[in-house]
Amino acid sequence: MMNILFVSLGCDKNLVDSEVMLGLLAEKGYGFTDDEMEADVIVVNTCCFIGDAKEESVNTILEMAEHKKDAKCKALIVTGCMAQRYKQEIIDEIPEVDAVLGTTTYDSIIEAVEEALGGEHMLKCEDIDRLVLTNAKRMLTTGGHYAHLKIAEGCDKHCTYCIIPKLRGNYRSFPMEKLVKEAEELAAQGVKELILVAQETTLYGTDIYGKKSLHLLLKELCKIKGIRWIRVQYCYPEEIYDELIQTMKEEPKVCNYLDLPIQHASDRILKRMGRRTSQADLRAIIGKLRQEIPDICLRTTLISGFPGETEEDHEELMNFVDEMEFDRLGVFTYSREEDTPAATMPDQIDQDIMDTWRDELMALQQEISIDKSAQMVGKTIDVMVEGYIAEDNTYVGRSYKDAPNVDGMVFFECDRELMSGDFVSVKITGSTEYDLMGIMEENV
C-alpha cells in the first residue's frame, strides 16, 4: 500500500479542502502516515494569506523537498493558495515538486498522485471561479466530534489589503441540498458541532437563490439528528440581517456566537481598507445584536498598522474596543501583500510601530477578558468535552462562547470517564484571562 503524508496549513476553509482530498485518496485505497520517512507521497496544502503564512508554506515545501531526496518519497505535490498564486515559481524553483494543484482543482488529487508516481508532472490551476463539487466522504482531522462546513467559496468584497479574490475567485455558494447531505454524513460519523465557514458566510445564497439564505440553511441544518451546536463564523457586519438574527434567537442549536471581523473603527482607515462599514454602522449592528440576543458572544479581528494609520486612528480604535468590550478579539499586524492596492499606498507603517499598537490592543483586550471571565464564576454552563489531561486529572472542553483553536477552554473536574463530544453541565468556580475552571454537575 502506498502511504501518503498530508500537511495542511492555513485556515479552516483550507482544512475542509484537505479533508476532501484525504477522502478521495482513502476511497482509492491509499494509506496515510505521519512519518516523513515512511511516506511514498507527500502533499502540502498551502496558505499565503499573509506574510507569516507564506513563509510557513515555503519552509514546509522546502523541508518536504529535502525528505524527497533522502527518504522513500517518490512524489511531492503542492496544493492550495500558494500553489494558485505562485504556481510557475514553484515549478521553476523547486524541482522536487511533481505536481501543483490550485484552489479549485484539488479534486484532481488522484490524477496528480498517479501521474507523479508515473514520472509525469502536472500543473493544474485554471478557472478560479469553478466550484468543486464531489461526492467524496471527507476524512475528518478534527477528532470527529466537530467539523467545519464550508458553505461558499471565493469573495466579492475586494478589500484593499486582501489577495483572496485573486486566489479563490468570485463568491459562489454551495447548493443547499449538497450542504445538508454533507452535514447529515458528518452527523452519521459522530459530529456534534458544525462550524459554518466561508470567506463570508452572511452572503450565502445570494448568487444562486437571489437573496441572503443563511437563515434558511441554518433551519435545515437544525433538523439533522445528532447535531447539537451550529456555530457561524466570518460574518461581515454590514451583511447581518434581521432573518438571521431571528433564526439565531429561535433555533436552540444555533450558538449565540458570531464572528464578525471589523478590522478597524476609524472611518478614515475603514475607507482606505475598502471596507463597507463606518464606525456608526458597527455601533448600530453590535448594539442590535446585543439587544436582540443578550447573551451573544461576539468575536472580532483587527488589523494594526494599516498604511496611513496615525496615532490618532489607533487611539480611536483603542477607545472603540474599550467601549464595545468584545468577548473575543484577535489582532494582526498589517501584512503588505503584492498585487493588492494597499501594497502600493504611501505611508507604510514601520513594523515596530505596528507591533506596539497590536500589543496595546491585546493588553486592553486582556483586561476586558479578565473581567468577562470573572463574571462567569458561579454560573452553570453547558460544555462540550474536548479531552482529558491525565497529569492534572482534569477534563477540558468548550462552551458555546468558544470556537476551537481560537477561543478559550473550560477545565473541569469529574469523577467518572467522559468521551470527547459528550455534553456536560459545569459549574464555574474560577477564571483566568481566557479560560474557565469548574466542576461537572451532570450530563446534558
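Since the model is a prediction, treat every value here as computed from it, not as a measurement. (Residues numbered from 1 in each chain as written. Predicted model: local features only at pLDDT ≥ 70, side-chain atom pairs only at ≥ 80, totals over all residues. Heavy atoms only, no water.)

A. Examining the overall build of the chain more closely. Looking only at helices and strands, the chain features 13 helices and 19 strands. Taking 22 Å as the expected radius of gyration for a compact globule of 444 residues, we find that the chain reaches 22 Å, a close match to that expectation. Referenced to the eigenvectors of the C-alpha coordinate spread, the extents of the chain come out at roughly 60 × 60 × 50 Å. Put simply, the chain has 444 residues, and 57% of those count as buried. Excluding contacts between residues fewer than 6 apart, the proportion of contacts in the chain whose partners are at least 24 apart in sequence is 73%. Entry remark: accessible area of the chain is about 18,400 Å², with carbon and sulfur atoms responsible for 48%. Here the chain contributes 48 positively and 84 negatively charged side chains, and the mean placements of these two sets differ by 6 Å. (Helix = DSSP H or I, 4+ residues; strand = E, 2+ residues; numbered from the N terminus. Rg over C-alpha atoms; globule rule 2.2 N^0.38 Å. Buried < 20%, exposed > 50% of the residue type's maximum accessible area, 1.4 Å probe, protein only. Contact = heavy atoms within 4.5 Å. Areas by Shrake-Rupley, 256 points an atom, 1.4 Å probe, with all protein chains shown as cover. Lys, Arg positive; Asp, Glu negative; His and termini not counted. Charge placed at Lys NZ, Arg CZ, Asp CG, Glu CD.)

B. View of the packing of aromatic side chains. Overall, the coordinates contain seven aromatic pairs when judged by the stated rule. Taken together, a centroid distance of 5.4 Å and an interplanar angle of 75 degrees make the contact between F306 and Y334 edge-to-face. Of this pair, F306 sits in the loop between β13 (297-304) and α12 (311-324) while Y334 is found in the loop between β14 (328-333) and α13 (351-374), placing the two residues 28 residues apart along the sequence. You'll find F306 and Y334 in the same group, each marked buried. Centroid distance F320 to F326: 6.3 Å. Interplanar angle 50 degrees. Geometry classified as tilted. Take F320 and F326: they sit in the same class, and that class is buried. Between K13 and the ring centre of Y234, over which it is positioned, the NZ or CZ distance is 3.6 Å. Above the ring of F423, the side-chain terminus of R228 is found at 4.3 Å from the ring centroid. (Phe/Tyr/Trp six-rings, centres within 6.5 Å; stacked < 30°, edge-to-face > 60°. Lys NZ or Arg CZ within 6 Å of the ring centre and 35° of its normal.)

C. The arrangement of unusual backbone geometry in detail. Despite not being glycine, Y234 has its phi angle at roughly 60 degrees, a positive value. Position of Y234 among the secondary structure elements: in the loop between β11 (229-232) and α9 (242-250). You will see that N405, though not glycine, has its phi angle at about 75 degrees, which is positive. Following the sequence through the fold, N405 ends up in the loop between β16 (394-398) and β17 (410-413).

D. Summary view of the sheet that holds strand β5 (residues 99-101). Spatially, the six strands line up as an open sheet ordered β2-β1-β3-β4-β5-β6, and their pairing is parallel. Either end of the sheet is taken by a strand with one partner, and the two such strands are β2 (31-32) and β6 (122-124). Bridging between strand β1 (residues 3-8) and strand β3 (residues 41-46) involves five bridges; their strand directions are parallel. The residue of β3 that forms the bridge with V7 is V44. Across the sheet, helix α1 (residues 12-27) lies against β1, β2, β3 and β4 (75-80), angled at about 170 degrees from β1, the strand it touches most. Strands β3, β4, β5 and β6 of the sheet are contacted by helix α5 (residues 109-117), whose axis makes an angle of about 155 degrees with β4. (Pairing = 2+ DSSP bridges. Axes fitted to C-alpha atoms, helices over the stretch in contact; angles between N-to-C directions.)

E. Just the pairing of β11, in detail. Burial along β11 is two-sided: W229 and R231 and I230 and V232, pointing in opposite directions, are all buried. Of the strand pairs in this sheet, strand β10 (residues 193-197) and β11 are connected by four bridges, and their pairing is parallel. When the sheet's bridge partners are listed, L196 is paired in β11 with V232. For the segment spanning β10, helix α8 (residues 214-222) and β11, crossover handedness is right-handed. Bridge count between β11 and strand β12 (residues 254-259): two bridges; the pairing is parallel. Bridged to V232 within β12 is L258. In the classification by handedness, the crossover that spans β11, the intervening α9 and the parallel β12 is right-handed. (Right-handed = clockwise from strand over helix to strand, strands pointing away.)

F. Main features of the sheet that holds β14. Strands sit in the order β7-β10-β11-β12-β13-β14 across an open sheet of six strands; the sheet is parallel. Where the open sheet ends on each side, the last strands, each with one partner, are β7 (146-150) and β14. Across the sheet, the mean angle from the axis of one strand to that of its neighbour is 20 degrees, orientation sign disregarded. Across the face of the sheet, α13 comes into contact with β13 and β14 while running at roughly 175 degrees to β14.

G. A negative patch on the surface, seen in detail. Among the surface-exposed residues, E89, D92, E93, E338 and D339 lie close enough to one another that they form a single negatively charged patch. With respect to the helices and strands, D92 occurs in helix α4 (residues 87-93). (Patch = residues over 30% accessible without salt bridge, like charges linked within 9 Å, V, L, I, M, F, W, Y side chains within 5 Å. Salt bridge = Lys/Arg side-chain N within 4 Å of Asp/Glu carboxyl O.)

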